[in-house]
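# Per-entry structural report
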Amino acid sequence: MDDSRITREGIRIHAPEDFAGMRKAGRLAAQILDEVGPMVEPGVTTGALDDFIRSRVEELGAASATIGYRGYQHASCISVNHVVCHGIPGDKLLQNGDILNIDVTVIVDGWFGDTSRMYVAGKAPIKAQRLIQVTHDALMKGIEAVRPGATFGDIGAAIQAHAEGKRMSVVRDFCGHGLGRVFHAPPNVLHFGRPGKGPVIEEGMFFTIEPMINLGRPETKVLADDWTAVTRDKSLSAQFEHSIGVTADGCEIFTPSERFFPELG
Ligand code: MF3
Ligand code: CO
Ligand code: CO
């Protein structure tokens, strides 16, 4: 039986048996983020972290979704301090107090698992610790809003209310996305919005929620490398990302980990 169909907004409704494929891909991506954690220390380069991720993706029998994606050459994005997302791994040495997001997407049996989380090199300043906590909690508030009959606006509104309630700002230039047997599909999952607005959420939808929250203003710009997005005001930015699937009464997180939230030092 094939329960797959596409909504008017172009969002795929997956069949119950498709959850198993997403679970396997999502957990593998989360496992790699678990494994790289102990390597994050002052003095290591982001390129060394990416080399480790690349080899683990291969050893675990998966494929990297990012290598070759629109010309991107790396198995992860590593976004340090005021880098919002799509930081390119390289010879940059981490310093004590740096905060960083590592984002990994893998393909397992054709299914995409996409997750990112924050890490700290050494011990982060209190204001950076607060940003990480608020960003994590904002993602979780967004996930709690997911159930059939709710809307994508409900997700965005929950995230925005939490972040702005803590006097932080939500990045508007990047969003979450549908995924499944493809990396990026409808809908655009906005991390701000109004309750009741946007497409209605239905059982069988698969998508990411991946809010980027700034300590300062929300505006971003992309550097000359055409990938690295930074805060225009150079304020610190944080991000967490889960891939989820909508169930009859809520959602399943495909990318869970007991180490999802970092030790802040
Ligand atoms: N993993 C990112 C996301 O959450 C996309 C990275 S695309 C890359 O959608 F090419 F920059 F790796
Ligand atoms: Co994503
Ligand atoms: Co991602």
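Residues numbered from 1 in each chain as written. Chains lettered and ligands numbered in written order. Predicted model: local features only at pLDDT ≥ 70, side-chain atom pairs only at ≥ 80, totals over all residues. Heavy atoms only, no water.

## What to know about the sheet that holds strand β12 (residues 212–214)
Read across the open sheet, the 3 strands follow the order β8-β12-β15; overall the sheet is antiparallel. The sheet terminates laterally at β8 (169–170) and β15 (237–239), the two strands that pair on one side only. Direction of pairing for β8 relative to β12: antiparallel, over a ladder of 2 bridges. Bridge pairing in β12 links V170 to I213. Packed on one face of the sheet, helix α3 (residues 126–144) meets β12 and β15 and runs near 35 degrees to β15. (Pairing = 2+ DSSP bridges. Helix = DSSP H or I, 4+ residues; strand = E, 2+ residues; numbered from the N terminus. Contact = heavy atoms within 4.5 Å. Axes fitted to C-alpha atoms, helices over the stretch in contact; angles between N-to-C directions.)

## Description of the packing of aromatic side chains
What the rule picks out here adds up to 10 aromatic pairs. With 4.9 Å between their ring centres and 55 degrees between their planes, Y69 and F183 make a pair best called tilted. Residue Y69 is located in the loop between β3 (63–64) and β4 (77–80), and its partner F183 is located in the loop between β9 (176–178) and β10 (185–189); the two are separated by 114 residues in the primary sequence. Take F183: its relative accessible area is 10%, and that puts it in the buried class. Ring geometry for Y72 against W227: centres 4.9 Å apart, planes inclined by 75 degrees, an arrangement best described as edge-to-face. One end of the pair, Y72, is in the loop between β3 and β4; the other, W227, is in the loop between β13 (220–222) and β14 (229–231), and 155 residues separate them in sequence. Y72 sits in the buried class, given a relative accessible area of 3%. The lysine or arginine in question, R172, covers the ring of F192, its NZ or CZ lying 4.3 Å from the ring centre. (Phe/Tyr/Trp six-rings, centres within 6.5 Å; stacked < 30°, edge-to-face > 60°. Buried < 20%, exposed > 50% of the residue type's maximum accessible area, 1.4 Å probe, protein only. Lys NZ or Arg CZ within 6 Å of the ring centre and 35° of its normal.)

## Section: the environment of W227
By relative accessible area, W227 is classed as partly exposed at 21%. Put simply, W227 and G87 are 140 residues apart on the chain and 6.9 Å apart in space, counted from C-alpha to C-alpha. Apart from residues lying up to four places away in sequence, W227 is in contact with Y69, R70, Y72, C85, H86, I88 and V222.

## Looking at the coordination of the cobalt ion (ligand 3)
The protein atoms that coordinate the cobalt ion (ligand 3) are D103 (OD), D103 (OD), D114 (OD) and E241 (OE), at distances spanning 2.1 to 2.3 Å. Of note is the cobalt ion (ligand 3), whose 6 donor atoms meet at the metal with angles of 58 to 170 degrees in an arrangement that counts as irregular. Mapped onto the sequence, the residues coordinating the cobalt ion (ligand 3) show the spacing D-x10-D-x126-E. If you look at the cobalt ion (ligand 3) and the cobalt ion (ligand 2), they sit 3.3 Å from each other and are both ligated by D114. Highlighted residues: D103 in strand β6 (residues 99–108) and D114 in strand β7 (residues 111–120), separated in sequence by 11 residues. Accessibility assignment for this pair places D103 and D114 in one class, buried. (Donors = N, O, S within 2.8 Å, 3.2 Å for Na, K, Ca; no water. Tetrahedral: all angles 85-135°; square planar, octahedral: opposite > 155°, others 65-115°.)

## Looking at the UniProt feature "domain: Peptidase M24" (unreviewed entry) in the protein chain
According to UniProt, the "domain: Peptidase M24" (unreviewed entry) feature falls on residues 21–247. Helix makes up 28% of residues 21–247 and strand makes up 26%, while its end C-alpha atoms are separated by 15 Å. (UniProt positions renumbered as here; feature names shortened; annotations may be inferred.)

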